[in-house]
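# Analysis of the macromolecular model
Below, each chain spelled out in residue letters.
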Amino acid sequence: MNIRLDNLTVNFDDRFQLDQINWQLDDTQHWVITGANGSGKSALAAVLAGAGDNLSGTIEGLPARVGLVSFEAQAELIERERKKDDADIMDVISEGTPVHEILSEGGRNPALVSQLVEMFKLESLLNRSFRKLSTGESRKVILIRALASEPELLVLDEPFDGLDAHTLEMLQQYLATLVETVPMVLVLNRFDEFPDFVTHIAYVDHGRLAYQIDRNDKRAYNELYQLLHLKTTDLEVPAADPETAIPRLDPAQPLVKLNSINITYDGHRIIDSLDWTIERNQHWQLSGPNGSGKTGLLSLITGDHPQCYVNDIFVFGFQRGKGESIWQIKQFIGYVSTALQWEYKVGTGLRNVIISGFYDSIGLYTKATDRQKKIADEWLALLGMSDRADTPFNKLSYGDQRLLLIARAMVKHPPLLILDEPCLGLDDMNRQLVLALIEKICAASETSVLYVNHHAEDKIKGIENYLKLEKREPAAS
Amino acid sequence: MSNNYFNTLPLREQLEQLGKCRFMSIDEFSDGVEALKGKKMVVIGCGAQGLAQGMNLRDSGCDVSYALREAAIAEKRQSWKNASENGFVVGTYEELIPTADVVLNLTPDKQHTSVVNAIMPLMKQGACLSYSHGFNIVEEGMKIREDLTVIMVAPKCPGSEVRNEYVRGFGVPTLIAVHEDNDPKGEGLALAKAYAAGTGGHKAGVLMSSFIAEVKSDLMGEQTILCGMLQTGSLLCFDKMVEEGIDPGYASKLIQYGWETITEALKYGGVTNMLDRLSNPAKIKAFDLSEELKQIMRPLYNKHQDDIIDGTFSRTMMEDWANDDKNLLGWRAETAETAFEKTPAGDVEISEQEYFDNGILMVAMVKAGVELAFETMTAAGIIADSAYYESLHETPLIANTIARKKLYEMNATISDTAEYGCYLYNHACLPLLADFMKDIKTDVIGKGLDLEDTGVDNARLIEVNTALRSHPVEAIGAVLRGHMADMKKIV
Ligand SMILES: NC(=O)c1ccc[n+]([C@@H]2O[C@H](COP(=O)([O-])OP(=O)(O)OC[C@H]3O[C@@H](n4cnc5c(N)ncnc54)[C@H](OP(=O)(O)O)[C@@H]3O)[C@@H](O)[C@H]2O)c1
């Protein structure tokens, strides 16, 4: 068997569409399809059982006998039985089709059926009417039907849902005995349910097959795990630490007010007489080409630029250059950039990297409180990195480091979060990860986000103010 | 020529001053820079220390400006650029010194007498003069106006580190002192503490010491283990490897980056950890070599310490100053002409472990130098904490400079005083080790031991391990590093 989907676009009753799927499965592989709710993962599985209307593209090599288990298949059978009852209603009161009849439909292997009935402990229900079964019981029936149909391909959409622990284990073991003979495609949402025999993972996002991953590619596997986790977790952005609370700001004042700012290097003016005010609860996007002074402008706000002492800068209640320290300024800011990531070359454990956000330091130089540790652990849980709390930061992949630095920046719930090209240097999967995290943060906090990138077109949900710098001749818009 | 201040003191006081050293608790810095609030700080000179300290102090909320000599301003020299491009007010002595509450003298030590003589008449009544090295006061006996407070805040790191560590939210270990002859208002300590806090030093650990202890230990460390030993070791190891037929490019690289790599291990776990990076037979070999080296070099270390204590060193160096630096410049030129300096590092891959395995002699030299310097300093009455910072602690920092651009970079980064002492040491040490080097082969430098038999005698290994671990520099090192590590979770 070698199934091939080329540029396949499939429509499902105009309710949903899978777009331009390119995918190949051969009979030595066992796939898991995964993705967030509504992503189209079940639709993709159903396509393998012939569902949907092909609008364009091709699908080749589908075997004749596909064993399908899904909520849809289950619902369909229940619906069919209900209709049968309705049809019979004029005659006699129907008892409905008994389970044993449902199981032997379509010439299934009787020996195998009875073996499975025994395994699923359905003996006592064989004479019961199918429509009187509970959901869990009817699911078992569907499973047995699929398994006993001597399929050339098994498509199991969330097969473990609603099974008790014992049955689940039994089913997993049984599936493992089939790996040599039947290729399988499972739709699963929890990584810990992925059976060991699965060789590949397909990740579906918004009706597209976004990633195909070989299970042996540990890095990609981990990233996918995190992405799915961030997209599906119920965990919220952890709260701030009341003991390390940031001082209250006067609500009437803007967060940042820059008056006629100049930045000059070697007599060359990069930024010329720029005015910029960031009010509370405003989200901003700052864009402009390289060399237009984006980073310089940001570092005037963060206090990292020496010329902040020769400019008229008001930040978080301080007029700069009047005896305040940069640490008094930094406490109001969370900051993430590629440069910070380069600076952050430490072997500190992940938990401590997050805690260092409370102190705006690179590395942790203060004893953390239990509460801070707890908050850091909540962030790690949100990121799906709980098992790595003590892993040294410099051992992480580039993308994971970025996620962690975002958590570090947010841990104190600063009034202003500066994300300086947060996706720079990241591959698509890691970009998705970072954006998923940012969206979660934007939705869940009162932090003003200042998002910086090259391209003004790359917009982020929820940002409504734009400042575009031009090279040499900056202008506010 | 001026009077050596130390030599004017009675023995009792000399000993008391040399033995002054207390590790301060972070709680003693809870007032932060409060004592400097509302005070005007004027830095003289904007070089390595001047710029780094000034930026840190300003970022801590202090009012900082720079007084430069007129020529530097008129010619827009680097020092002028450093200060003005970083947004500081820059002015002449006449413009700024009279307004200053605290004057930070961060010019080269050699210039201190002329600089201080120029600014003293301009200073406000009751103001404070600070140094980052006590040479001028201790060795030249500079007398400061009685109404002025004189303090020292000496970061134990190059200027670049001083700034970088601050930006990370940390600091570098710092030594502070008050010149007791000049503390008319009794505010010296409060000012020195606030200044140390303003540079971030309090987070990494502050030693409360004396001008004398600072000078006598600082000079000793820099001349011997820190710069002298690394220079001598570089030249000897390179020539030996080439003589034994090792590719010069490889030899050059092994040395240029080897010091940095092996002393990185020193930084984290002391001499013990550095030797633990070797295989057992190599460790025993390095230990034996270092014992031999210590025996040969001990008289030289003693001589350096003696000359430093009794002022012979500073006197001869000042004679060279008066002689237009003839010796210093000559030695500098000589160093530039050495084979090691002129052979670029080859394009070969050397793994981290290989630097240890093939650099057993270098490890032995570092061990011998660190232990001898430490032993000599403490024997001269310097407290262990101080001796540790001036020997083991700074070795990796100096090794980093050699990795950047060899001996040239090292000698350009360190002060002229250190450079002068380094050459002195080198000239005495090269002939001293000539015989020793005759027996050296590539098994301990260049190729590593031929490990057909990796077995060692258990009893001997235990002996070596115990000796390593029970050296006093390891005891104090464990305490001070432990203190740093408590806060500095950077591994
Ligand atoms: N480097 C270190 O690792 C280190 C560590 C701790 C303490 N210290 C101490 O810090 C102090 C400064 O050392 P440094 O290494 O920072 O020196 P540096 O980098 O050589 O800088 C010295 C500055 O002083 C200026 N200067 C030179 N001669 C002058 C003169 N005659 N009058 C006025 N200004 C003059 C120079 O500027 P112009 O020539 O442009 O005028 C330059 O900006 C020394 O006391 C040193 O012992 C250094």
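Everything below is about the structure shown above.
Parameters at a glance
Residues numbered from 1 in each chain as written. Chains lettered and ligands numbered in written order. Predicted model: local features only at pLDDT ≥ 70, side-chain atom pairs only at ≥ 80, totals over all residues. Heavy atoms only, no water. Near = heavy atom within 4 Å. Polar contact = N/O pair within 3.5 Å; in protein donor to acceptor, adjacent residues only side chain to side chain. Areas by Shrake-Rupley, 256 points an atom, 1.4 Å probe, with all protein chains shown as cover. Helix = DSSP H or I, 4+ residues; strand = E, 2+ residues; numbered from the N terminus. Nonpolar A, V, L, I, M, F, W, Y, C, P; charged D, E, K, R; others polar. Contact = heavy atoms within 4.5 Å. Buried area = accessible area lost by both parts, 1.4 Å probe. Salt bridge = Lys/Arg side-chain N within 4 Å of Asp/Glu carboxyl O. Phe/Tyr/Trp six-rings, centres within 6.5 Å; stacked < 30°, edge-to-face > 60°. Buried < 20%, exposed > 50% of the residue type's maximum accessible area, 1.4 Å probe, protein only. Axes fitted to C-alpha atoms, helices over the stretch in contact; angles between N-to-C directions. Parallel < 35°, antiparallel > 145°, perpendicular 65-115°, else oblique. Left-handed = near helix turned anticlockwise from the far one by under 90°. Pairing = 2+ DSSP bridges.

### Considerations on the site of the ligand
Residues and elements named next belong to chain B.
- Taken together, 23 residues sit near the ligand, with A48, Q49, R69, S79 and D109 positioned nearest.
- Between an oxygen atom of the ligand and a main-chain N or O atom of A48, the distance comes to 2.9 Å.
- Interatomic distance of 2.8 Å between a backbone N/O atom of Q49 and an oxygen atom of the ligand.
- Burial of the ligand by the protein chains amounts to 80% of its free accessible area of 890 Å².
- Looking at the shell around the ligand, the elements with two or more residues in it are α3 (48-59) and α7 (112-119).
- Class assignment of the residues belonging to the shell around the ligand gives a composition of 10 nonpolar, 10 polar and three charged.

### What to know about the interface of chain A and chain B
- Every contact between the two is made by 23 residues of chain A and, on the other side, 20 residues of chain B.
- When chain A packs against chain B, the two sides together hide about 1800 Å² of surface, and 49% of this comes from carbon and sulfur.
- By the criterion of area lost to chain B, the three top residues of chain A are A:Y309, A:W327 and A:Y365, representing 35% of everything that side buries.
- Applying the counting criterion to the chain A and chain B interface returns zero salt bridges.
- On inspection of chain A and its partner chain B, the count reaches six residue pairs in polar contact (both at pLDDT 80 or more).

### As for the packing of aromatic side chains
Residues and elements named next belong to chain B.
- One pass over the full model with this rule turns up 19 aromatic pairs over all chains.
- Centre to centre, the rings of F313 and Y420 are 6.0 Å apart; their planes meet at 55 degrees, and the pair counts as tilted. Separated by 107 residues along the polypeptide, F313 in helix α15 (residues 312-322) and Y420 in helix α22 (residues 416-432) bring together distant segments of the chain. In this structure, F313 and Y420 share a single accessibility class: buried.
- Ring geometry for W331 against Y423: centres 6.2 Å apart, planes inclined by 65 degrees, an arrangement best described as edge-to-face. Taken together, the residues span a long stretch of sequence, with W331 in helix α16 (residues 326-336) and Y423 in helix α22 at a distance of 92 residues.
- With a relative accessible area of 16%, W331 lands in the buried category.
- For Y423, a relative accessible area of 1% puts it in the buried group.

### Description of the packing of α16(B) against α22(B)
Residues and elements named next belong to chain B.
- Two elements in contact, α16 and α22, have axes separated by 10 Å at closest approach and are oriented at 65 degrees. One finds that α16 runs roughly perpendicular with respect to α22. You can see that α16 and α22 cross each other, and the crossing is left-handed. Across the interface between the two elements, N327, L328, W331, R332, E334 and T335 from α16 touch D416, E419, Y420, Y423, L424 and H427 from α22.
- Its residues assigned to classes, the contact of α16 with α22 shows five nonpolar, three polar and four charged.

### Quick look at the sheet that holds strand β13 (residues 312-315) of chain A
Residues and elements named next belong to chain A.
- If you walk across this open sheet you meet the four strands as β11-β10-β13-β14, and the pairing is antiparallel. Since the sheet does not close on itself, it has two edges, and those belong to β11 (268-278) and β14 (318-319), each with one partner.
- As defined by bridge partners, strand β10 (residues 256-265) adjoins β13 across four bridges and the pair is classed as antiparallel. Paired with N259 across the bridge in β13 is D312.
- Here helix α8 (residues 294-302) sits on the sheet and contacts β10, β11 and β13; the angle it forms with β10, its principal contact strand, is near 125 degrees.

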